[in-house]
Amino acid sequence: MPGLDGIEATRRIALFHPSARIIMLTVNGDSDELFEAIRVGATTYLYKEDSIEEVGDAVRAVVAGQTLLTADLAGRLLGEFDRLAAAPEPEGPPPPSLAPRERAALELVAEGLDTAGVAARLEVSENTVKNHLRNVIGKLHAHARLTAAGEAGSHPT
């Protein structure tokens, strides 16, 4: 995108429209960039080479309020929550924390289990797993918005 990259576009959309459900579409698999997109407001991401069926499934899932996570991204999210808990920002918002079941669901996704597999292991419904994953992403997004608002407030205009 000329003049604005996808990360900054996602950040701005999420800042001005916090309820927006953003799907990042990417041509490469740079996991750092994809993680940053999730951190700043994307709900999930797709690759340009994904089939039209996968794109349709993802759009329907996101519209229905679901969050789609790959094993790699789930692992990165666990690391981010651990990092935030270990080094809270002294003047920023309190770091988000995961409920035990949210953490367990995220760990199982990081191991490569799909929603049905996570549900079976935790002995809960697939809807409960989907809610846990949506909560995880929501906590990270809320923290990013609070941090950005705090940073904006600390700079003179």
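Residues numbered from 1 in each chain as written. Predicted model: local features only at pLDDT ≥ 70, side-chain atom pairs only at ≥ 80, totals over all residues. Heavy atoms only, no water.

The next point concerns the overall build of the protein. Across its full length, the protein carries 7 helices and 2 strands. Traced from its N-terminal end to its C-terminal end, the protein shows the element sequence α-β-α-β-α-α-α-α-α. Within the protein, the proportion of its 157 residues that are buried is 36%. Split by element, the accessible area of the protein, about 8,800 Å² in all, is 55% carbon and sulfur. (Helix = DSSP H or I, 4+ residues; strand = E, 2+ residues; numbered from the N terminus. Buried < 20%, exposed > 50% of the residue type's maximum accessible area, 1.4 Å probe, protein only. Areas by Shrake-Rupley, 256 points an atom, 1.4 Å probe, with all protein chains shown as cover.)

The full count for this structure, using the stated rule, is 1 aromatic pair. Ring centres of Tyr 45 and Tyr 47 lie 5.7 Å apart, and the angle between their planes is 80 degrees; on these two criteria the pair is classed as edge-to-face. Judged by relative accessible area, Tyr 47 falls into the partly exposed class, the value being 23%. (Phe/Tyr/Trp six-rings, centres within 6.5 Å; stacked < 30°, edge-to-face > 60°.)

Right, let's get into helix α3 (residues 52-63). With 12 residues, α3 should reach 16 Å at 1.5 Å per residue; the first-to-last C-alpha distance of 16 Å fits that figure. All of the buried residues in α3 are Gly 56, Ala 58, Ala 61 and Val 62. Where α3 is buried, its residues contact β1 (22-26) and β2 (42-47). (Expected span 1.5 Å × (residues − 1). Contact = heavy atoms within 4.5 Å.)

Take unusual backbone geometry next. The residue Glu 123 is not glycine, and still its phi comes out positive at about 55 degrees. Residue position: Glu 123 is located in the loop between α6 (115-122) and α7 (126-153). Classification of Glu 123 as exposed rests on a relative accessible area of 73%.

The next thing to look at is the nonpolar core. In this structure, Ile 38, Leu 69, Leu 73, Leu 77, Leu 106, Val 118 and Leu 133 are the most contacted members of the largest nonpolar core, which totals 32 residues. Here the element with the most residues in this core is helix α4 (residues 71-86); it accounts for 6 residues. If sequence neighbours within four positions are ignored, Val 118 has contacts with Ala 105, Leu 108, Val 109, Leu 113 and Val 129. (Core = buried A, V, L, I, M, F, W, Y, C linked by side-chain atoms within 4.5 Å.)

Before going further, it helps to examine the pattern of salt bridges. Evaluation of the coordinates by the stated rule reveals 10 salt bridges. In this structure, Glu 8 and Arg 12 form a salt bridge, with 3.1 Å as the shortest nitrogen-oxygen distance. One end of the pair is Glu 8 and the other is Arg 12, both in helix α1 (residues 6-16) and 4 residues apart, which spans about a single turn. Residue Glu 8 is classed as partly exposed on the basis of its relative accessible area of 25%. Taking the relative accessible area as the measure of exposure, Arg 12 reaches 44% and is therefore partly exposed. Among the salt bridges present, the one from Glu 80 reaches Arg 83, with a minimum N-O distance of 2.9 Å. Of this pair, Glu 80 and Arg 83 are both found in helix α4, 3 residues apart, which corresponds to roughly one turn of the helix. On the basis of relative accessibility, which here comes to 44%, the residue Arg 83 falls in the partly exposed class. Among the charged side chains, a salt-bridge network with shared partners connects Glu 8, Arg 11, Arg 12, Glu 36 and Arg 39. (Salt bridge = Lys/Arg side-chain N within 4 Å of Asp/Glu carboxyl O.)

Mapped onto the elements of the fold, Ala 105 is located in helix α5 (residues 100-110). In this structure, the C-alpha to C-alpha distance between Ala 105 and Val 129, residues 24 residues apart in sequence, is 6.5 Å. Once residues within four sequence positions are removed from consideration, Ala 105 is found in contact with Val 118, Leu 122, His 132 and Leu 133.

With that settled, the discussion passes to the packing of α4 against α5. Orientation of α4 relative to α5, taken along the N-to-C sense of each, is 140 degrees, at an axis distance of 7 Å. Taken as axis vectors, α4 and α5 run oblique relative to one another. Crossing of α4 over α5 shows left-handed handedness. For the pair α4 and α5, contact is made by Ala 71, Ala 74, Gly 75, Leu 77, Leu 78 and Asp 82 and by Arg 103, Leu 106, Glu 107, Val 109 and Ala 110, respectively. For the contact of α4 with α5, a count of residues per class yields 7 nonpolar, 1 polar and 3 charged. (Axes fitted to C-alpha atoms, helices over the stretch in contact; angles between N-to-C directions. Parallel < 35°, antiparallel > 145°, perpendicular 65-115°, else oblique. Left-handed = near helix turned anticlockwise from the far one by under 90°. Nonpolar A, V, L, I, M, F, W, Y, C, P; charged D, E, K, R; others polar.)

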